[in-house]
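# Chains, contacts and geometry: an overview
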Amino acid sequence: MYSAVLHYLKAVKAAGSDEASAVVKKVRELPVTDMFARNGKLRDDGRMVHDMYLFEVKKPADSKYPWDYYYVRQVIPGDDAFLSLAKTSCAHVKK
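Below is a summary of the structure that appears in this document.

Basis of the calculations
Residues numbered from 1 in each chain as written. Predicted model: local features only at pLDDT ≥ 70, side-chain atom pairs only at ≥ 80, totals over all residues. Heavy atoms only, no water. Patch = residues over 30% accessible without salt bridge, like charges linked within 9 Å, V, L, I, M, F, W, Y side chains within 5 Å. Areas by Shrake-Rupley, 256 points an atom, 1.4 Å probe, with all protein chains shown as cover. Salt bridge = Lys/Arg side-chain N within 4 Å of Asp/Glu carboxyl O. Helix = DSSP H or I, 4+ residues; strand = E, 2+ residues; numbered from the N terminus. Buried < 20%, exposed > 50% of the residue type's maximum accessible area, 1.4 Å probe, protein only. Expected span 1.5 Å × (residues − 1). Arc of directions from axis to C-beta.

To continue, consider a nonpolar patch on the surface. A grouping of Y53, F55, V57, W67, Y69, Y70, V72 and V75 is seen on the molecular surface, where their side chains present a nonpolar patch of about 870 Å² in accessible area. Contributing elements (two or more residues each) for the nonpolar patch: β3 (52-57) and β4 (70-76). Along the chain, Y53 falls in strand β3.

This is the structure we're talking about:
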């Protein structure tokens, strides 16, 4: 919800309007980058695609400060983490 609202507000600002078609155009143009999503984009089928992470939980002795619980072992690009647009079954996407 955080990402959706923040992205909508950024799109309204970029469009200079709250008119729906102008905002939707900006929503699709602007990248989604916030505390939740990195390298995100809204595809034509409505799916928000973004990088995903593979984490490993640290042993307690390996934690150096509060909230230091994980190692990031791999960043999986959004285009690899989600079903491709070419394979979508969404009826609204023209193939």
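Attention now moves to the environment of M35. Looking at where M35 falls in the secondary structure, it is placed in the loop between α2 (20-29) and β1 (41-42). Residue M35 is classed as exposed on the basis of its relative accessible area of 70%. Separated by 15 residues in the primary sequence, M35 and H50 place their C-alpha atoms 12 Å from one another.

Right, let's get into the pattern of salt bridges. Enumeration according to the criterion identifies 6 salt bridges in this entry. Its salt-bridge partner being E29, residue K26 comes within 3.2 Å of it at the nearest N-O pair. Here K26 and its partner E29 are both found in helix α2, 3 residues apart, which amounts to about one turn of the helix. For K26, a relative accessible area of 25% corresponds to the partly exposed category. With a closest N to O distance of 3.5 Å, R38 and D51 form a salt bridge.

Moving on: helix α1 (residues 2-15). Between its terminal C-alpha atoms α1 stretches 20 Å, which fits the 20 Å expected from 14 residues at 1.5 Å a residue. Among all positions of α1, only S3, H7 and A11 are buried. Buried residues of α1, viewed axially, fall in a sector of 65°; they line one side. Two residues or fewer past α1, G16 is found with a positive phi of approximately 70°.

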